[in-house]
Amino acid sequence: MAGAIPTQVSGGSQKPQHFAFAVMTSLFFIWGFITALNDILIPHLKEVFSLNYTQAMLVQFCFFGAYFIVSPFAGMLIEKIGYRRGIITGLCTIALGCALFYPAAEVKVYGVFLLALFVLASGITLLQVSANPYVAILGPEKTSASRLNLAQAINSLGHTLGPLFGTVLIFGAAGAAITADAVKLPYLILAAAAVFTALIFKAMHLPDIQAQAPSGLEGEKTSVWQHRHLVLGVVAIFLYVGAEVAVGSFLVNYFAESHIGGLSAKEAGAMVSYYWGAAMIGRFIGAALTRVIAPVYVLAGNASLAICLIVLSMNSVGELAMWSILAVGFFNSIMFPTIFSLAIGGLGRLTSRGSGLLCMAIVGGAILPVLQGLVADSTNVQLSFIVPALAYVYIGWYALYGTRRNEQQATA
């Protein structure tokens, strides 16, 4: 195990770090809020354009596909322009993507909505590549998982409020008639909020964080692909994001099933907030828990319990099926920040490159929902949850075995 990654913080005290961490949490809130809106947007567009499940999941395919395409360029861009300018660029791109929803609703073409989602997600990718490593190296490596869990708790607050916002302004505005125009107002509001936040970041000063390579063999590596724990962590992020997004994307349609809940789209949309709210509570608990229990054991335990809950939901009906699948959100809570911090640990000067690679893996959110859609179309929605269940099996393995690093080199 490598030692903590040394950092240089402008100002020479802990105060700039605390201020920077507080400011960064606003970004986690923003992209959580916007990402969770997809869970409301999917069933809405499914009705507007009469889509099957596979076609509807193209929303997540285009949204999370942007991570795969944009992340490598985002990592290189941030190396050149720095974290603060990267954040501002990301926020402006988010504003553009949100604004594109207006012409998409005017022309009523599904492909234009998908383009808007791709642009929007490109901006979120820039924020992710900037903010996640910034928070991770904003202090000792041993507490990086705890810091990211706390920041991701604020991200989950955004995820919790996003579906409520979307349910009121999209399903509420639609009323009896389901139309594309219902998305105009909410996304214009989000565009204005992104521009306002960008102006705030332009006016403020953030401390410069520069990760330095730790001493020893690990610091001599020149490629991120030489770090086993990172490469396996990329797969874990791919499967985790895919599983989390797949479950959330199917909740509204799942709860509408007569033998599950028989809920209306508006009622089911409000229930989605419980899924993300559980993740928020879990992350606050996880931030404390990972300070006293090794993060790998917390991660393995959560993956195991998520599998159990999905299997329970797949084999039950009514409220038991509903609440067991919603409870998966609680155990999702610590997965992303814990996997991320474990995967970039000890990368030194390669941290930004590793972060870009991990953010590329968020493309799992594009692939697994479509795969689950294919399973749902060929069987049924309830059986399709086998897709995220299998993803959690790998995450449990990664926690216990895939996170090991430098053991072979140490004995060589």
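Residues numbered from 1 in each chain as written. Predicted model: local features only at pLDDT ≥ 70, side-chain atom pairs only at ≥ 80, totals over all residues. Heavy atoms only, no water.

### Details of the packing of aromatic side chains
Between two aromatic rings, the relevant description is the distance of the centres plus the angle of the planes.
Thinking step 1. Scanning the model with the defined rule gives 18 aromatic pairs in all.
Thinking step 2. Between tyrosine 274 and tryptophan 323 the ring centres are 5.6 Å apart and the planes differ by 70°, which places this aromatic pair in the edge-to-face class. A residue pair is termed long-range when its members are at least 10 positions apart, and tyrosine 274 in helix 10 (residues 265-292) and tryptophan 323 in helix 12 (residues 318-332) qualify at 49 residues.
Thinking step 3. Judged by its relative accessible area of 41%, tryptophan 323 is partly exposed.
Thinking step 4. Among the aromatic residues, ring-to-ring pairing joins Phe49, Phe101, Tyr110, Phe113 and Tyr187 into one connected group.
Thinking step 5. The ring of tyrosine 53 carries the charged tip of lysine 46 above its face, separated from the ring centre by 4.7 Å. (Phe/Tyr/Trp six-rings, centres within 6.5 Å; stacked < 30°, edge-to-face > 60°. Helix = DSSP H or I, 4+ residues; strand = E, 2+ residues; numbered from the N terminus. Buried < 20%, exposed > 50% of the residue type's maximum accessible area, 1.4 Å probe, protein only. Lys NZ or Arg CZ within 6 Å of the ring centre and 35° of its normal.)

### Section: unusual backbone geometry
Thinking step 1. Not every positive phi belongs to a glycine, and serine 50 is a case in point at roughly 50°.
Thinking step 2. Along the polypeptide, serine 50 turns up in the loop between helix 2 (38-48) and helix 3 (53-56).
Thinking step 3. Accessibility expressed as a relative area gives 64% for serine 50, which makes it exposed.
Thinking step 4. One non-glycine residue, lysine 108, adopts positive backbone phi at about 55°.
Thinking step 5. Inspection of the secondary structure puts lysine 108 in the loop between helix 5 (101-107) and helix 6 (110-136).

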